[in-house]
Amino acid sequence: MRGDAVAHDIQAIDIIANIWTKEALAGRPDRTAFFRGKIGLDQQTFEGISLDEMLRRMDAAGIERAFLAAAKVGEKWHPAGYHVPYELVAEAVRRHPARFSGLAGLDPTEGMDGVRALERAVKEHGFIGAHFYPHWFELPPDHARWYPFYAKCVELDVPVQLQVGQSLVYDRRAPKRSVGRPIALDAVACDFPELKIVGIHVGIPWTDEMIAMAWKHENVFIGSDAHSPKYWPEAFVKYIDSYGQDKVLFGTDFPVLGFKRTMDEVLALKLRPEPLRKFLRDNALRVYKLEG
């Protein structure tokens, strides 16, 4: 029996999606060239969708729960940057606690104020992890400015997920260097062996390097989001279906990838039933301690 034969028995967990309501988009700089041009996002979605519409799309794809990132995209004061307020995500979680979980975005320039905000997000709003983009700050994952956040994640016992791999030009006013080489996680995992680290965005074009980090370190995992499954490197697909079946977590980075499209392409990979179940659901439950 192959993956498509058991698909209807599995409700997936999407470990990284963006809250995309009109309210959440109101404070963002113009990203038309990136989302409409580079990504090819349809106009309706680009302009923002309600939480109810997001849930409808999740239901159509067989996605039970999505982790919503209160993303911090560069310094808040920069014309190309924006921060999604934690409260927006917290309110979505309060309205739909069985469908959404919150991730606290990190900005290393905030220093200890940012560390304390992360603690409040977890303790007061019930956020289940942290999230950040190294390239938006041009600070690699092993830079010292991230370390206070890692230490706080260990103390709070929550995972941190961070973009690994190439970054694109999201805003022409602020092109950013690709500082998220997966090998940088080697130092972080050695320095924080209790920290659960999820390298999101597959690690492309350094996917083999990301696989090596997840294979080496018990506390390192891979998020499969942001890159269309039908274009995943063959080594990554084989890793999910074999010795890496406990190490990779399903995600979309919605709206970068649509829920239904992503799920359809995953099922078309014909993964074996057990690795498919672990990939779509079980690994997220275990890593984020959602079981029960």
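Scroll up to find the structure.
Just so it is clear, the model here is predicted, and its values are computed rather than measured.

As for the sheet that holds strand S9 (residues 220–223)
Thinking step 1. Reading across the sheet, the eight strands line up as S1-S2-S5-S6-S7-S8-S9-S10 and stay open at both edges, with parallel pairing between neighbours. For this open sheet the edge positions go to strand S1 (12–18) and strand S10 (248–249), each flanked by a neighbour on one side alone.

Points about the packing of aromatic side chains
Thinking step 1. Overall, the coordinates contain 18 aromatic pairs when judged by the stated rule.
Thinking step 2. Relative to Phe-279, the ring of Trp-232 lies with its centre 6.1 Å away and its plane at 85 degrees, an arrangement referred to as edge-to-face. Of this pair, Trp-232 sits in the loop between S9 and helix H12 (234–241) while Phe-279 sits in helix H14 (residues 273–287); the two residues are 47 residues apart in sequence, bridging distant segments of the chain.
Thinking step 3. Ring centres of Phe-250 and Phe-279 lie 5.9 Å apart, and the angle between their planes is 90 degrees; this geometry places the pair in the edge-to-face category.

Describing the layout of surface pockets
Thinking step 1. Its volume calculated, the largest pocket comes out at about 630 Å³.
Thinking step 2. Lining the largest pocket are 27 residues, with Phe-34, Ile-39, Leu-168, Tyr-170 and Val-256 sitting closest to its centre.
Thinking step 3. Those elements that provide at least two residues to the lining of the largest pocket are helix H3 (32–38) and helix H8 (134–137).
Thinking step 4. Here the lining of the largest pocket is built from residues that sort into 16 nonpolar, six polar and five charged.

Quick notes on the side chain of Asp-186
Thinking step 1. Structurally, the position occupied by Asp-186 is in helix H10 (residues 184–191).
Thinking step 2. In terms of polar contacts, Asp-186 uses its side chain to reach the side chain of His-217, at 2.6 Å.
Thinking step 3. Not counting the four nearest positions on each side in its chain, Asp-186 is found in contact with Met-213, Lys-216 and His-217.

Observations concerning the pairing of S1
Thinking step 1. For S1, a buried count of seven out of seven residues is recorded, marking the element as mostly surrounded by other parts of the structure.
Thinking step 2. In this structure, S1 lies alongside strand S2 (residues 63–70), joined through five bridges in parallel fashion. Looking at the pairing, Ala-17 lines up with Leu-68 of S2.

Let's talk about unusual backbone geometry
Thinking step 1. Cis geometry marks the peptide bond from Ile-204 to Pro-205, where omega comes out at 5 degrees.
Thinking step 2. Here Pro-205 is to be found in the loop between strand S8 (197–200) and helix H11 (207–216).
Thinking step 3. Each neighbour pair has its own omega, and for Phe-254 with Pro-255 the value is 10 degrees, a cis peptide bond.
Thinking step 4. Following the sequence through the fold, Pro-255 ends up in the loop between S10 and helix H13 (259–268).
Thinking step 5. In this structure, Val-202 takes a positive phi of about 70 degrees despite not being glycine.
Thinking step 6. Here Val-202 is to be found in the loop between S8 and H11.
Thinking step 7. In the Ramachandran plot, Lys-289 falls in the positive-phi region, its phi being about 50 degrees despite a non-glycine side chain.

Some remarks on the environment of Tyr-147
Thinking step 1. Locating Tyr-147 in the fold gives a position in helix H9 (residues 147–156).
Thinking step 2. Considered as a pair, Tyr-147 and Pro-108 are 39 residues apart in the sequence and their alpha carbons are 9.2 Å apart.
Thinking step 3. In this structure, Tyr-147 is in contact with Pro-141, Asp-142, Ala-187, Val-188, Asp-191 and Phe-192, ignoring residues within four places of it in sequence.

Some words on the environment of Val-158
Thinking step 1. With respect to the helices, strands and loops of the structure, Val-158 is situated in the loop between H9 and strand S7 (160–163).
Thinking step 2. The sequence separation of Val-158 and Val-287 amounts to 129 residues, and the corresponding C-alpha distance is 8.8 Å.

Topic: the pattern of salt bridges
Thinking step 1. Scanning all chains against the criterion turns up 24 salt bridges.
Thinking step 2. Between Arg-281 and Glu-64 there is a salt bridge, and its shortest N-O distance comes to 2.3 Å. One end of the pair, Arg-281, is in helix H14; the other, Glu-64, is in strand S2, and 217 residues separate them in sequence.
Thinking step 3. Classification of Arg-281 by relative accessible area gives partly exposed; the value is 23%.
Thinking step 4. In this structure, Asp-246 engages Lys-278 in a salt bridge whose closest nitrogen and oxygen atoms are separated by 3.0 Å.

Some remarks on the packing of H11 against H12
The relative placement of two packed helices comes down to the angle between their axes together with the axis-to-axis distance.
Thinking step 1. H12 packs onto H11 with a crossing angle of 25 degrees between their chain directions and a minimal axis gap of 9 Å. Overall, the two elements H11 and H12 adopt an arrangement that is roughly parallel. Here H11 and H12 pass one another in a crossing that is left-handed. Residues Thr-207, Asp-208, Ile-211, Ala-214 and Trp-215 of H11 lie in contact with H12, whose contacting residues are Ala-235, Phe-236 and Tyr-239.
Thinking step 2. Among the residues forming the contact of H11 with H12, the class breakdown is six nonpolar, one polar and one charged.

Examining the state of the cysteines
Each disulfide is one covalent bond, formed between the sulfur atoms of two cysteines.
Thinking step 1. Enumeration over the complete set of coordinates arrives at zero disulfides.
Thinking step 2. The thiol of Cys-153 is not disulfide-bonded; the next cysteine sulfur, from Cys-190, is found 18 Å away.
Thinking step 3. The class for Cys-190 is partly exposed, based on a relative accessible area of 47%.

Quick notes on the rules
- Residues numbered from 1 in each chain as written.
- Predicted model: local features only at pLDDT ≥ 70, side-chain atom pairs only at ≥ 80, totals over all residues.
- Heavy atoms only, no water.
- Pairing = 2+ DSSP bridges.
- Helix = DSSP H or I, 4+ residues; strand = E, 2+ residues; numbered from the N terminus.
- Phe/Tyr/Trp six-rings, centres within 6.5 Å; stacked < 30°, edge-to-face > 60°.
- 1 Å grid on protein atoms, 1.4 Å probe; cavity = no way out; pocket = protein on both sides within 12 Å on 5 of 7 lines; lining within 4 Å.
- Points joined across faces, edges and corners; volume = space filled by probe spheres on them.
- Nonpolar A, V, L, I, M, F, W, Y, C, P; charged D, E, K, R; others polar.
- Polar contact = N/O pair within 3.5 Å; in protein donor to acceptor, adjacent residues only side chain to side chain.
- Contact = heavy atoms within 4.5 Å.
- Buried < 20%, exposed > 50% of the residue type's maximum accessible area, 1.4 Å probe, protein only.
- Salt bridge = Lys/Arg side-chain N within 4 Å of Asp/Glu carboxyl O.
- Axes fitted to C-alpha atoms, helices over the stretch in contact; angles between N-to-C directions.
- Parallel < 35°, antiparallel > 145°, perpendicular 65-115°, else oblique.
- Left-handed = near helix turned anticlockwise from the far one by under 90°.
- Disulfide = S-S within 2.5 Å.

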